[in-house]
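# Remarks on the overall topology
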Amino acid sequence: MLEKLSHILFSSRLLLPDLLFGVVFLAIVATIAFSQKLDVERTYRLFNMLIITVLISSGLVFYALFEFYKQDFESVSELFGQLIYLDSISLFFKIIISIASLAVLIHVWVLGYKVVGEFYAIFMALVWGLFIMTMTTNWLMLYVSLELVSICSYILVVFNKEKDNSEAGIKYLLFGATSSAIMLYGISLLYGMTGTLNFVGQEFATFLSQNPTWIVQIAVFMTIGGLLFKLSAVPFHSWTPDVYEATPTPIVAFLSIAPKAAVILVLIRLFSSLSIDFRMIMAIIIMASITIGNFSALWQTNTKRMLGYSTIAHAGFMLVGLLATNPIGIQSTIFYITTYLFITLAAFLLIDLMALKTESYELESLRGLGQQNTFLGLAAVIIMIALVGLPPTVGFTGKLLLFTALWESYQSSGSNMLLVVLIFGLLNTAISIFYYINIPYYMIFKEPKIGVRYYPIGFIRNGFLLIFLFFIIYLFLSPSGLINLIESLKLA
Amino acid sequence: MNNFLLSALIFLPIAGSVVVLFLPSTFRDSFRWISLIVSVINLLNILTLYNNFDRQVSNYQFVEQHEWIRMSLGNLGVLSIDYLLGVDGINMPMVLLSGIILLIGSISSFTIEYRQKAYHSLYLLLSGSIIGCFVSIDFFLFFLFFEFMLLPMYFLIGIWGSEHREYAAIKFFIYTLVGSILILIVMIGLSMSVKDPFFSQEMGRTVHTFDFRQLTDFNNFIPHSILHPYEKQMIFGVPARLFAFILLIIGFGIKLPSVPFHTWLPDAHVEAPTPVSVVLAGILLKVGAYGFIRIAYGFFPDIAYQFTYIVAGAGVISIIYGALNALAQEDLKKMIAYSSISHMGFVLLGLASLTLEGVNGAIYQMFGHGLVSAMLFLVAGVIYDRTYNRLIKNFRGLSSAMPYFTLAVAVAFFGALGLPTLPGFMGEFFTILGGFQSEILPNWVSMLAMLGIVLSAAYFLWTLQRMFFGTFWTNSNQEGKMQDLDFREIVMLYSLSAFSIIIGIFPSLIFDISGVSVKAFLNGF
């Protein structure tokens, strides 16, 4: 009994930064609930500062822990009785999620969004859920954290309380609930087959291989359904364009990267230990995601909807590294996610900056904006070619590494399907240039409707966008720092 | 070995581009001068390079090597990408051509009035990128510049072009991008199949490299890799190396352009503004041909030897089909565009013959055609600048109003159709000689190519006669606008004419440089 207690205390000590998030969440909720006459402006600024401080400090703590864990390669902490594993790769992903959250909060602040206090509270809980999701290897814990993330994101999506916003929220909720239900069913099947809830253990793999392959494949496919929903991969992708179109942009920016990062980590953990050959289904998911994402985006006239469909295509690309079941496949997926962080946050920031003056997210409203403001035009070109994956942006390096991993896997296994996915994925890059270049095309080529006025944005907003652009090009010119960091990550 | 001449050639224009971008717009008229000065300095550097080029050596000279990316692939080795530049006999003429054409282009860019800052910034970016493409000997770096060229070109055509410019620009971009992606597939496959012998021993692991010098050596291939030259691996029932070669042919054939992948060229050339057309026809097409020689034939000589008849066939079809199309055109610029397709077919024929005369002739034809097509597009630009009209039937008897212009036009047209003492003759002569000498190609292939010479004489002389001889008349009373050349145009056209006559009479200026390297290149076959 005493042993269990000391184990729990030990585990809590290592998870202190995460628990801090929970405490802050409760503190904000209590403050809002129990104070009547609030000076709204000052309180929200206070919340903002508090959260940014918490994020930065926890980010630094994670980094310190990360350095500590890196030196001792075999060091993995089993916390809370094998429910949670704290290792270097989960710390890396926590840092990524912290950076995303920080960037989104700065986005909200810099663009002057009016948010209620509960926004901060729920955002904290969402990030906390993501942190737990990066650490877990137990089906039950995964489901709990996934639900925490899902419920918080359902609430965040409907913050604007407008009509199409609520419609998007309901769609999100219904699709999400269905996917979670399918996931639970899959988990129950897997538990029935293997008798254990820990999906990286030896028992799981052994018992799984004793069952007929087709039933295992169906069960695993259903299980990752809940995860693919968060990733916006086919066939769980239908919510993406509608939700992306109607939700306030900073929240969309966050949803487009942070849940994806956590889900990819879970998938990496799962597929590293799976003993069956899941590649056929994975290849079909990848090709379908890339095709549907790219071809649907060609017809879009709303920039946010177009980015939603492009997210579906990118989800397909992220899974390519998992299809190549070698270590460099996993490393290239992590590299792709890290660079996608910068690119997608920059893309949504750009769209929001443009919407400041044009008051609309339609492509037509972007006419001539690049001529009025050269920096925005240049930024649009760089971000859009990063999304396509052309040099000299880091999008190209990410895709190059993914397809190198896939080629290597093809060379060692000789399976023709991998080559098909490779050629398919690369040719789709050419298709995607057409819709991505539409944004700079409208901005630079078309004449503005009411003469040419010079439209300056603030220095802070320019600077914020510039940080992302700097990373996009810098990481192309010298990726070795990031690559070395990723190579040192070890799975539990 | 690490002198920085080649890096200067690339980074001076790029630095110039950044400078132009950050200067305030009040400097309106000085942007064109910045562009001109940068191009002049670049040309002087290239002439220094030309003088110091050792003509007896077939290896790469002026090599610069800096370590760039080292990525560990676990137990599969290390991926190594270097910043690697060098010139040998095959790309030296191309670098020289780039210097000349980019200078002519920047003189011609003085006519651009609209948004000069953006134009000159993009033009300098394009310059740096094209030269980078020619001097890179690391496949990744080559590919980086090869793809990056597309972006400034897209904007240059799409913003400063004529009526259907946006359609032409996006067609150009997507079409050539598909080609680039096919090349990317082969690039990934090759680098994964080759290991660098020196670094692998040094580091104790397999070092995958993109270095051109290592990729040509068959001993460097890793056993059981897909593209291994001796083990015949199959993909979908087709030998893997043949698969890669076909992808490369399609990829570079889109850029060259060879029939049937040529359909972007008439649109892009016609809609682009004059200086951009000059650069497009003068050097961009040569990048495709250079890729053919260096990469398709250089890295896959075994497959190339067996399947060179495909390339020769594409060449001959380009010659005849391009010429027939040119004969049918009413728009002057479109006619010149199709004649470009036709003359690049000679390059393919010369290359496919795999003889010393043929390949040397192909390189000479690339150089000569670059000069001549630059002149042709400048000619079309002179007419378009004055009247915004390019149709042949709208002009007659221009020689009486514009005698200096007619002289330049005559040199250009005769140069293109292959009059001796002008570059077209030497290029066509040597490529067809190579065709006849070739052990692989049958004689009738070269005879069909000669038919192309007759056809090019037909359309050029007919155009000359229709537009320049007879009584002076223009459609819709524009005779007043047809003034003779001004100083800038005289400088451009006459310096190009003089230089092409010199090249035509002294072809050794090019053959001396390419000779030894081509000999080494053909040793692999």
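The structure we're discussing is the one just above.
What this report covers is the structure whose coordinates are included nearby. (Residues numbered from 1 in each chain as written. Chains lettered and ligands numbered in written order. Predicted model: local features only at pLDDT ≥ 70, side-chain atom pairs only at ≥ 80, totals over all residues.)

Of the regular secondary structure elements, chain B holds 21 helices and seven strands. Radius of gyration (C-alpha) of chain B: 23 Å, near the 24 Å computed for a compact globule of 525 residues. Taken over the C-alpha atoms alone, chain B extends approximately 75 × 60 × 40 Å along its principal axes. A burial count over chain B gives 60% of its 525 residues as buried. (Helix = DSSP H or I, 4+ residues; strand = E, 2+ residues; numbered from the N terminus. Rg over C-alpha atoms; globule rule 2.2 N^0.38 Å. Buried ≥ 20, exposed ≤ 12 C-beta atoms within 10 Å, placed from the backbone.)

With that out of the way, let us pick up the packing of helix 10 (residues 240-255) of chain B against helix 13 (residues 301-328) of chain B. Residues and elements named next belong to chain B. One can describe the packing of helix 10 onto helix 13 by two numbers: an axis separation of 11 Å at closest approach and a directional angle of 30 degrees. It follows that helix 10 is roughly parallel to helix 13 by the angle criterion. You can see that helix 10 and helix 13 cross each other, and the crossing is right-handed. Mapping the contact onto sequence places R241, L242, F245, I249 and G253 in helix 10 and I303, A304, F307, V311 and A314 in helix 13. Tallied by class, residues from the contact of helix 10 with helix 13 come to eight nonpolar, one polar and one charged. (Axes fitted to C-alpha atoms, helices over the stretch in contact; angles between N-to-C directions. Parallel < 35°, antiparallel > 145°, perpendicular 65-115°, else oblique. Left-handed = near helix turned anticlockwise from the far one by under 90°. Contact = placed C-beta atoms within 7 Å. Nonpolar A, V, L, I, M, F, W, Y, C, P; charged D, E, K, R; others polar.)

When the parts come together, some accessible area is lost, and that loss is often what is quoted as the size of the interface. The partner chain B presents 30 residues to the 26 residues of chain A that form the contact. Of all elements in the fold, only helix 14 (327-358), helix 17 (394-413), helix 18 (416-436) and helix 21 (480-487) of chain A reach the threshold of two or more residues within the side of chain A that touches chain B. With 10 residues, the single largest contributor to the side of chain A that touches chain B is helix 18 of chain A.

All names here are of chain A. Between its first and last C-alpha, helix 16 (residues 374-388) extends 21 Å over 15 residues, near the 21 Å set by a 1.5 Å rise per residue. Most of helix 16 sits inside the fold, with 11 of its 15 residues counted as buried. Taken as a whole, helix 16 has its buried residues at L376, A379, A380, V381, I382, I383, M384, I385, A386, L387 and V388. Just downstream of helix 16 lies G389, where phi reads positive at about 105 degrees. (Expected span 1.5 Å × (residues − 1).)

All names here are of chain B. With respect to topology, three strands assemble into an open sheet ordered 1-2-3, the strand pairing being mixed. Two strands in the sheet have a free side with no partner beyond their single neighbour: strand 1 (61-72) and strand 3 (207-209). Each strand axis lies, on average, 25 degrees off the axis of its neighbour in the sheet, ignoring direction. In the sheet, strand 2 (residues 78-87) pairs with strand 3 via three bridges, with the strands oriented parallel. Bridge pairing in strand 3 links V78 to V207. (Pairing = 2+ DSSP bridges.)

Moving on: unusual backbone geometry. As a rule of thumb, non-glycine residues mostly have phi less than zero, and peptide bonds are mostly trans rather than cis. Residue P235 of chain A follows V234 of chain A across a cis peptide bond; omega there is 0 degrees. For P235 of chain A, the location among the structural elements is in the loop between helix 9 (213-231) and helix 10 (239-246). Of the consecutive residues V259 of chain B and P260 of chain B, the connecting peptide bond is found in the cis state with omega at 10 degrees. Inspection of the secondary structure puts P260 of chain B in the loop between helix 10 and helix 11 (264-271).

Residue and element names in this part refer to chain A. Relative to the assigned elements, I460 resides in helix 20 (residues 459-477). With 11 C-beta atoms counted inside 10 Å, the residue I460 sits in the exposed group. Spatially, the C-alpha atoms of I460 and I257 are 23 Å apart, while their sequence positions differ by 203 residues.

Time to look at the packing of helix 12 (residues 274-299) of chain B against helix 14 (residues 332-353) of chain B. Residues and elements named next belong to chain B. The contact between helix 12 and helix 14 brings their axes to 11 Å, and the two run at 20 degrees. As judged from the angle between their axes, helix 12 and helix 14 are roughly parallel. Of the two elements, helix 12 crosses helix 14, and the hand of that crossing is right-handed. For the pair helix 12 and helix 14, the contacting residues are A281, L285, A289, F292, I293 and Y297 in the first and S340, M344, V347 and L351 in the second. For the contact of helix 12 with helix 14, the residue count by class is nine nonpolar, one polar and no charged.

Moving on, we get to the environment of L477 of chain A. With respect to the secondary-structure elements, L477 of chain A resides in helix 20. Once the C-alpha coordinates of L477 of chain A and P392 of chain A are considered, the two residues, 85 residues apart in sequence, prove to be 7.9 Å apart.

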